[in-house]
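# Close look at the chain arrangement
Single-letter residue listing:
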Amino acid sequence: MQKFEAQLSSLPPAEQRWQSGWLSSLISNLLITGAFVATYWWPASPSVATTLSSLALFSWLIWFILWFGHLTHRLKISEDKLNKQKND
C-alpha cells in the first residue's frame, strides 16, 4: 500500500523522505552536535554551552522518537500481514 501511495504522489522519493521528518532531523542533529563538539564554548560562555548541549540532547531525543515510531509502524505492518496470512 505504501509503494502504491508513493507511486501516486507527485513528489520524488527524496522529497517524500525529507517531508517524513527523519532525514531533516538527522541532518540537524549532526549539525548541532558538530557545532557543539567543534567549538569550545565552556570557558567562553557557559550559558551558550549549556544551551547548545541541551539543544543537542533534545534534538537526538526527537530523532529517537521519530525512529522508534517508524520502527513501531513497520512492525505493525508486518504483524498485520502475518495476521492476514493466518486468516486466509
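Report follows, based on the coordinates. (Residues numbered from 1 in each chain as written. Predicted model: local features only at pLDDT ≥ 70, side-chain atom pairs only at ≥ 80, totals over all residues. Heavy atoms only, no water.)

Summing up its helical and strand segments, the protein chain has four helices and zero strands in all. Taken from N to C terminus, the helices and strands of the protein chain fall in the order α-α-α-α. When the 88 residues of the protein chain are sorted by exposure, 11% land in the buried category. In the protein chain, 47% of the contacts between residues at least 6 apart in sequence involve partners at least 24 apart. Surface accessibility of the protein chain: about 7300 Å² in total, with carbon and sulfur atoms responsible for 68%. (Helix = DSSP H or I, 4+ residues; strand = E, 2+ residues; numbered from the N terminus. Buried < 20%, exposed > 50% of the residue type's maximum accessible area, 1.4 Å probe, protein only. Contact = heavy atoms within 4.5 Å. Areas by Shrake-Rupley, 256 points an atom, 1.4 Å probe, with all protein chains shown as cover.)

With the rule as written, the count across this model stands at two aromatic pairs. With centroids separated by 6.1 Å and ring planes inclined at 25°, the aromatic side chains of F64 and F68 adopt a geometry described as stacked. Here the residue F64 and the residue F68 both occupy positions in helix α4 (residues 46-87), the gap between them amounting to four residues, near one helical turn. On the basis of relative accessible area, F64 is assigned to the partly exposed category, the value being 43%. Judged by relative accessible area, F68 falls into the partly exposed class, the value being 46%. (Phe/Tyr/Trp six-rings, centres within 6.5 Å; stacked < 30°, edge-to-face > 60°.)

A few words now on the pattern of salt bridges. Going through the model one piece at a time under the given rule, you end up with one salt bridge. Residue D80 is joined to K76 by a salt bridge in which the shortest nitrogen-to-oxygen separation is 3.4 Å. Residue D80 and its partner K76 are located together in helix α4, separated by four residues, close to a single helical turn. Owing to a relative accessible area of 38%, D80 belongs among the partly exposed residues under this scheme. (Salt bridge = Lys/Arg side-chain N within 4 Å of Asp/Glu carboxyl O.)

Looking now at the side chain of N29. Along the chain, N29 turns up in helix α3 (residues 22-38). Engagement of the side chain of N29 in a polar contact is seen with the side chain of S59, the distance being 2.9 Å. With sequence-adjacent residues up to four places away left out, N29 is seen in contact with S59, W60 and W63. (Polar contact = N/O pair within 3.5 Å; in protein donor to acceptor, adjacent residues only side chain to side chain.)

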